[in-house]
Amino acid sequence: MINDATREELLGYLLDALEPQRQEAIERRLAEDASIREALAQLSRDLTPLDATWQESSPPPSLAARTCDFITDYQQKAKPTPLTEPPLREPIGLDPKPVSRQKRLSVSPMHQDRTTMVGPSRFRPQDVAVGIGILIAGFTLLFPAIHGSRVQARMIACQENLRQLGESLTAYSLQHDGCFPEVPQRGKLAAASIYAPILASEQYLPEPNLVVCPGSSLADKASSFSIPMPDEIRRIDSAEQLRQIQERMGGSYGYSFGHMENGSYRPTRNQRRAHFALVSDAPESHEDGKRFSSHHGQEGQNVLFEDGHVRFLQNSIPEGLNDDLFVNDAGQVTAGLHRNDAVIGAGAMRPVAYVSGNEW
């Protein structure tokens, strides 16, 4: 159970409002304690509705530099106006009378107050301009930091989702002869996203939102997201409706196809391989011909490997491996050509492509 103090620190971590030492302490706890990571993921989901009002915009070019130059130039040109009073003139024809010590003491504070109140108590236009410039410069530097912190928080929440998915998939494999959910070759269930309905129908999935990445566009609709059961999918009569459901029933993630062996399609078996990708942020095709995820600012994707560990990869080929996670060795988004050829498909993608016939 997470106490209020820890929850406040996690909220501060999400908003990048912690001091460096406290932030490092939270990051250590996140790495060591799964309950802390789950609490952070829940907080991130609770803050998701705020994203609807978030509008990221770039400041004018070199705004911060120009503001600093303006302030420096103003400081060099501005000169303080000396506060002086005209000397007292003695009345003509009258002998000056000595002022008693008591009067000097009573008059002096009034004189000081009156002097202090002259001029500096009012802001000049130049002072207002400098203040506004400082505020603009501060917000220019602060907003990217806050945005970066939110992106990092969503990335961590996504990783926690994948870790829990890994536990569900492992539990499933232990009860199904060591095999993960199979993506059929044909029929209405033939889609990479079928892994979620299979897990949900057999009660291996704690909650539907576990397949929704906080850094994806689907996160905005997480409250209304649901996973259809396999029997519901089989009863669909419209090809267009079927495709729409297949595209979203796996949430924000893509799932690994099986592989071809001696001309036959085989499901993926759980061999606890550290290099074999099982689930990841859903890949998409882009104009340059490459496939990668659009989640997390298109900077990369979280990937769950077969042994249960999760890594953030900036490209689709893990370091030290010669295997693109999103296409097989022939460059196709279909089943792997051998058991170590991992291929993650998304949405309605099928493990085997058919040219003709009733495919659903």
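Up top is the structure these notes are about.
Nothing here was measured: the structure is a model prediction, and the numbers come from that model. (Residues numbered from 1 in each chain as written. Predicted model: local features only at pLDDT ≥ 70, side-chain atom pairs only at ≥ 80, totals over all residues. Heavy atoms only, no water.)

This brings us to the packing of helix 1 (residues 4-14) against helix 2 (residues 20-32). Each packed pair of helices is defined by two parameters, the angle between the axes and the distance between the axes. Direction vectors running N to C along helix 1 and helix 2 enclose 110°, while the axes themselves pass 10 Å from each other. Here helix 1 lies roughly perpendicular to helix 2, going by the angle between them. Here Thr6, Glu9, Leu10 and Tyr13 of helix 1 lie close against helix 2, whose contacting residues are Arg22, Gln23, Ile26, Glu27, Arg29 and Leu30. Among the residues making up the contact of helix 1 with helix 2, the classes are represented as four nonpolar, two polar and four charged. (Axes fitted to C-alpha atoms, helices over the stretch in contact; angles between N-to-C directions. Helix = DSSP H or I, 4+ residues; strand = E, 2+ residues; numbered from the N terminus. Parallel < 35°, antiparallel > 145°, perpendicular 65-115°, else oblique. Contact = heavy atoms within 4.5 Å. Nonpolar A, V, L, I, M, F, W, Y, C, P; charged D, E, K, R; others polar.)

Running from N to C, helix 2 and helix 3 (residues 34-46) point in directions that differ by 110°, and their axes come no closer than 5 Å. On the basis of the axis angle, helix 2 is roughly perpendicular to helix 3. Of the two elements, helix 2 crosses helix 3, and the hand of that crossing is left-handed. Note on element contacts: helix 3 touches helix 2 through Ala34, Ile36, Arg37 and Leu40, opposite Arg29, Leu30, Ala31 and Glu32. Grouping the amino acids of the contact of helix 2 with helix 3 by side-chain chemistry returns five nonpolar, no polar and three charged. (Left-handed = near helix turned anticlockwise from the far one by under 90°.)

So, on to the packing of aromatic side chains. Counted according to the given criterion, the structure contains two aromatic pairs. With centroids separated by 5.1 Å and ring planes inclined at 20°, the aromatic side chains of tyrosine 195 and tyrosine 255 adopt a geometry described as stacked. Residue tyrosine 195 is found in helix 7 (residues 195-201), and its partner tyrosine 255 is found in strand 1 (residues 253-256); the two are separated by 60 residues along the sequence. Geometry around phenylalanine 276 places arginine 273 over its ring, the cationic atom sitting 4.0 Å from the centre. (Phe/Tyr/Trp six-rings, centres within 6.5 Å; stacked < 30°, edge-to-face > 60°. Lys NZ or Arg CZ within 6 Å of the ring centre and 35° of its normal.)

With respect to the element layout, alanine 39 can be found in helix 3. Sequence-wise, alanine 39 and arginine 7 are 32 residues apart; in three dimensions their C-alpha atoms are separated by 7.7 Å. Not counting chain neighbours up to four residues away, the residues in contact with alanine 39 comprise Ile2 and Leu10.

Moving on to the nonpolar core. When a protein is soluble and globular, its nonpolar side chains tend to lie buried together. One finds Leu165, Val211, Tyr253 and Val279 to be the most contacted residues of the largest nonpolar core, which totals 43 residues. Elements with a contribution of two residues or more to this core: helix 6 (125-174), helix 7, helix 9 (239-248), strand 1 and strand 4 (277-281). At five residues, helix 6 tops the list of elements feeding residues into this core. Counting 13 residues, the second largest nonpolar core, distinct from the first, contains Leu10, Leu14, Leu30 and Ile36. (Core = buried A, V, L, I, M, F, W, Y, C linked by side-chain atoms within 4.5 Å. Buried < 20%, exposed > 50% of the residue type's maximum accessible area, 1.4 Å probe, protein only.)

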